[in-house]
Amino acid sequence: MAGSGKAHMRPDGDRILEVNDLTVEFNLGRGKVVKAVSGISLDLIRGETLAIVGESGCGKSTLGKAILQLPKPTSGSVNFLSKELTTMNKHDLREMRPAMQMIFQDPISSLDPRLPVSEVLAEPLRVWNRGNEVEINEKIDELLRAANLDPAVVRDRRSYEFSGGQCQRISIARALALDPTMIICDEPVSALDVSVQAQILNLLQDMKDRYGLTLIFISHDLAVVKAVSTRVMVMYLGKVCEVAPPDDVYLRTRHHYTKALVGSVPIPDPDRKISAGLMQGEPPSTIDPPSGCRFRTRCPAATEQCANEEPQLREVAVGHFVACHHPLEA
Amino acid sequence: MFKNFWKKPLGFKFATLWLFFVVFITVTYDLFPFVKWDRISDMSQGDGPFKVPGHFLGTSYDGLDMFTALMHGARMSTFVAVVSVVVGGGIGSILGITAAYYRGTYDKIMSSMFNMMLAIPNLVMSLALISVLANGNNSHPATNTRRLIVLTISLTIVIIPILGRIARSSTLQWSSREFVLASKSIGTKNLQIIKSHIVPNVAPAILAIGFFAVGVVMIAEGSLSILGIGIPGGASWGSLLAIGRANLEYAPHEVYLPVLCIAFTVISTNYFGDYIRANLDKRESKI
Amino acid sequence: MSNVLEVTNLSITFDTPRGNLRAVNDATIALEQGESIGVVGESGSGKTVLSRAIMGLLPGTATRTGSIKYMGKEISDLPEKELRELWGTGMAMIFQDPMTTLNPVRRIGSQLTESLTVRLKLSKKEAHEQAIELLRRVRIPDPEGMMRKFPYQLSGGMRQRIMIAIAVSCKPELLFADEPTTALDVTVQAQVLELLTELRKEFNMAMILVTHDLGVVAGHTDKIAVMYAGDVVEMAATRELFTNMKMPYTEALLKSIPRLETPTGTRLPVIEGRLPDPTKNEPGCPFANRCPYVADKCRAEKPPLKDTGNGHLYRCWFPIGGEK
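(A) Highlighting the interface of chain C and chain A. Contacts between chain C and chain A engage 38 residues on the former and 34 residues on the latter. Of all the secondary-structure elements, those providing two or more residues to the side of chain C that touches chain A are helix H7 (156-168), helix H8 (186-203), helix H9 (214-220), helix H10 (238-243) and helix H11 (248-256) of chain C. It is H8(C) that provides the largest number of residues to the side of chain C that touches chain A, a total of seven residues. Residues belonging to the side of chain C that touches chain A are distributed by class as follows: 17 nonpolar, 14 polar and seven charged.

As structure tokens, then:
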């Protein structure tokens, strides 16, 4: 795995986002550079939910933030609603922000503990002058109700008085305040209890249907991802392994890393044993990633070609793309 | 914080009342007829507290009423301490908060500057500044004012990096929280984020140390006065101490009364600083 | 087979400004030698408080009633000095965040050998060799090199393996694993769990695995105790629990977990409502306000712990599939 390429791009679709060769690198000093995201391309068609899956260190969170220019990526282009974000000046970029919002992983830390909920939700509305105080208050109530929260109970409280699930609802309400076109959800349910996860996932789905949103859903949990997405992109160490519809990723896995990922998910069924034997060891460092295919050091099918040549994404079935020299059989 | 005042612990009540008293005198000194009492007594010279009618805290060896002298001294001591902490804290906070929020080269420069400033011993610096900028006839009033200003400035310079570093480290903590990123993604401008998100969260930490700093400055001013480079003429508690030193044997109250005043003030400000910090910890642990 | 651990009628309350908080109500658990039990529950279920109580790590504000017997001996009121003797030799623990349990300023080697020299009274040389052997056993590549490293140089999975190595170094009878894999990636989680199971079998250790993940316990435990709002609401052998589930809560929990097998785009079933307030002592079953099968009796009376007949315990007036 760990390849790049653009075979999976869909130039004929109604694309609201087009990312090309995005690279994000962090300078640690003394010549060491963390290659968090290396040459990734993707696109988003209006109305879809693209899931970006991978384990910690694969760069998925960094990718999400880089798309929003928080901060600007090291190189590459991000074209959102036909406007190039990477070359925009500060003022124009700011004007684009209402259309592209984000939801974060830690529900409690994503809200200012000193502010009551009404202030948290009022902030985006005031910054962008969406009405006078009365209209803003009405909008706040509307947003809270849409997130299944009772405004009267919630308005004057602060973030630390709520559970994780409620905080996440407030964050979702805030993200919706500016009527965005696209929302990037960065591990929105990872910090929540299992029974609350389902509530939030359903809420996101409802919001998407109701407001016509397009979502990027970042997660390390394949099962969660499968429930909500229309397209899945698997990442490893800053590169893309596989891009496919969710069912294909699970039932017709073609990449070795994806297979290991699928195989490691704990199943609540005592008769189904997980086979951890598929992959040993830990991901290598992002400072000095392996040459060629970055997954080759843990891949059971690695050959010399994998060390010399970086695999590019290519189509192996309709809508199914793999970056691997020796993909699994269908 | 002041709700249920009478239910608060004894220390809180004492600290609040003492500080209120001190600040009250500082502010209203000129308005009240204290000046009338500030006369040299012919009857009593160097008698201790509660010994002479009309001078309930006694008189100094030169016949000055102690109580008036202490109130007079409160003014200057408080002025120097509060002004240097407020101005120094204000400048330090602005520098520290912006350094930690924007990071990069600006932050590196600020941190180095703070470190350099901290390395300069404040007594030596005050001595140098005063001997250069405010040297002159000790009894000339203009020299005294100049001395006061230079002294305050030198103490302010001491406070800037102390509170600046507190502000910086607190801001570093808070600006890495996700709600700051959330505000950026909403499109809130940086200055607005600092104003409404960073400052309110960072203020308790700075305030707590600020209170401690007031006490520290007051003691520093006292030390400088004993060394002869502080405020002359008995105009501050430290100055009274300096003068009273000579009469320690005959009129010890000339020394221990100003010492008690300084001590009470420092205890009170420390108490407040502790109290704010304890409340801060309580709030942080909820998060 | 004697019982390594016997917890009987354990109840724990905390004295808080809001009132008396009942964290654990009347819990009874027994563990045989070499047996593993999974304690499953969400936040607020009391599973962490229960495990901490058994380990002896409760804060001073807690009041405890009931008995905890380790190897037949009552340990619930042991003074801390004697409890410490037990930790490390008889009872070992691994926690969720290995960074806070490993000393960040000491090398791995010294942390490993410490428990060996102190507890087993080995010489420095012997301890060093045993430590390397332990590292090999927990599948750390280059054990000699690892001895000299510091925790910050390691990934989460590595640190957790070190924790496990330290925990099993004195061959304890009982291992507490408090959310050991929650902070780890799913591929690393699978490896760590497999390692735990292997070591357990090798040393014949009993294990208490506390987690919120039903998937984790399904493959690695002999029996499971499900907790809700401080009660042990269901306890059974693992396979029995999954095939013959009695509690509506367990069923709802299982259903709300996103599964790979679920067809894409299905709406996940959700448990509506919220946990009851632990400071209030309301009558009836604590799950009543969220149970899809709730009846009047459920709201009026709290169901007692019942047995299906083959050791499967549950607390429900109208269990799924009847009383057997």
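After that view, the rundown keeps rolling.
(B) Quick look at the interface of chain B and chain A. Across the contact, 16 residues belong to chain B and 21 residues belong to chain A. It is helix H7 (residues 178-186) of chain B that contributes the most residues to the side of chain B that touches chain A, eight residues altogether. Residue composition of the side of chain B that touches chain A, grouped by class: six nonpolar, six polar and four charged.

(C) Spatial organisation of the nonpolar core. Counting 252 residues, the largest nonpolar core has A:Met233 and B:Val217 as its most contacted members. If you tally residues by element for this core, the top one is helix H8 (residues 190-227) of chain B, at 15 residues. The residue makeup of this core includes at least three contributed by each of domain 1 (3-90 + 170-314) and domain 2 (101-169) of chain C. Not counting residues up to four positions away in its chain, the partners in contact with B:Val217 are B:Val80, B:Ala81, B:Ser84, B:Val85, B:Leu155 and B:Ile159.

(D) Up close: unusual backbone geometry. The linkage connecting A:Leu70 with the following residue, A:Pro71, adopts the cis geometry, with an omega of 5°. On the secondary structure map, A:Pro71 appears in the loop between helix H1 (60-67) and strand E4 (75-80). One non-glycine residue, A:Ser82, adopts positive backbone phi at about 65°. Within the secondary structure, A:Ser82 is located in the loop between E4 and strand E5 (83-84). Positive phi values are uncommon outside glycine, yet C:Arg139 reaches one of about 65°. Assignment of secondary structure puts C:Arg139 in the loop between helix H5 (124-137) and helix H6 (143-147). A count of 15 C-beta atoms within 10 Å places C:Arg139 in the partly exposed class.

(E) Representation of the pairing of strand E9 (residues 223-228) of chain C. Residues and elements named next belong to chain C. Within E9, six of the six residues are buried, which leaves it mostly tucked inside the rest of the structure. What you see with E9 is no split at all: Lys 223, Ala 225 and Met 227 on one side and Ile 224, Val 226 and Tyr 228 on the other are buried throughout. Two elements, strand E3 (residues 36-40) and E9, share four bridges in a ladder whose sense is parallel. Each residue of the ladder has a partner; that of Ile 37, found in E9, is Lys 223. Once E9 ends, the chain turns through two residues before running back antiparallel as strand E10 (residues 231-237), passing Ala 229 with a positive phi of about 50°.

(F) Region of the structure containing the packing of helix H3 (residues 66-102) of chain B against H8(B). Residues and elements named next belong to chain B. Axis separation between H3 and H8 bottoms out at 8 Å; the angle between their running directions is 145°. In the packing of H3 onto H8, the handedness of the crossing is right-handed. Seen from H3, the contacting residues are Ser 77, Val 80, Ala 81, Val 82, Ser 84, Val 85, Gly 89, Ser 93, Ile 97 and Tyr 101; seen from H8, they are Ile 194, Ile 198, Val 199, Val 202, Ile 206, Gly 210, Ala 213, Val 214, Val 217, Met 218 and Glu 221.

(G) Up close: H5(C). Residues and elements named next belong to chain C. Given a rise of 1.5 Å per residue, 14 residues ought to cover 20 Å, and the 20 Å separating the end C-alpha atoms of H5 matches this to within 8%. Taken residue by residue, H5 has Ala 127, Ala 131, Leu 134 and Leu 135 as its buried positions. Buried residues of H5, seen end-on, are gathered within an arc of 95° and therefore sit on one face of the element. For H5, exposure combined with an orientation more than 90 degrees from the buried face picks out Lys 125 and Glu 133. Next to the buried residues of H5 lie helix H4 (108-119), H6 and H7.

(H) Inspection of the sheet that holds strand E1 (residues 3-16) of chain C at higher detail. Residues and elements named next belong to chain C. Here we have four strands laid out as an open sheet, ordered E2-E1-E4-E5, and antiparallel in their pairing. Sheet topology places strand E2 (19-32) and strand E5 (73-74) at the edges, where each strand pairs with a single neighbour. Relative to E2, E1 runs antiparallel, the two being bridged by ten bridges. When the bridges of E2 are listed, Leu 10 appears paired with Ala 27. Strand contacts of helix H1 (residues 47-55): E1, E2 and strand E4 (62-70), with the helix running at about 65° to E2, the strand carrying the most contacts.

(I) Focus on the pairing of strand E6 (residues 100-103) of chain A. Residue and element names in this part refer to chain A. Both faces of E6 are covered, namely the face carrying Met 100 and Met 102 and the face carrying Gln 101 and Ile 103. Pairing between E6 and strand E7 (residues 182-186): four bridges, direction parallel. Counterpart to Met 100 in the pairing with E7 is Met 182.

Conventions we followed
- As a convention, each chain's residues are numbered from 1 in the sequence order in which they are written.
- Working convention: letters from A go to chains and numbers from 1 go to ligands, in the order in which they are written.
- Under the rules for a predicted model, residues below a pLDDT of 70 receive no local features and side-chain atom pairs below 80 are neither given nor counted, while totals for whole chains, interfaces and linings still include all residues.
- Once C-beta atoms are placed from the backbone, any two residues with those atoms within 7 Å are in contact.
- Only DSSP runs of H or I covering at least 4 residues are called helices, and only runs of E covering at least 2 are called strands; the numbering of each starts at the N terminus.
- Think of it as three bins: nonpolar holds Ala, Val, Leu, Ile, Met, Phe, Trp, Tyr, Cys and Pro, charged holds Asp, Glu, Lys and Arg, and polar takes everything else, Gly as well.
- As used here, a nonpolar core is made of buried Ala, Val, Leu, Ile, Met, Phe, Trp, Tyr and Cys residues. They are joined through C-beta atoms within 7 Å.
- Three exposure classes are used, all based on how many other C-beta atoms lie within 10 Å of a residue's own C-beta (placed from the backbone): buried at 20 or more, exposed at 12 or fewer, and partly exposed between those limits.
- Domains are outlined according to an automatic or database domain assignment.
- Note on pairing: two strands pair once DSSP finds at least 2 bridges between them.
- Each axis is a line fitted through C-alpha atoms, and for a helix only the stretch in contact is used; angles between axes span 0 to 180 degrees, taken between their N-to-C directions.
- Handedness of a helix crossing follows the sense of rotation of the near helix relative to the far helix, less than a right angle counterclockwise being left-handed and clockwise being right-handed.
- To estimate the expected span of a helix, subtract one from its residue number and multiply by 1.5 Å.
- The arc in question is traced by the directions running from the helix axis to the C-beta atoms.

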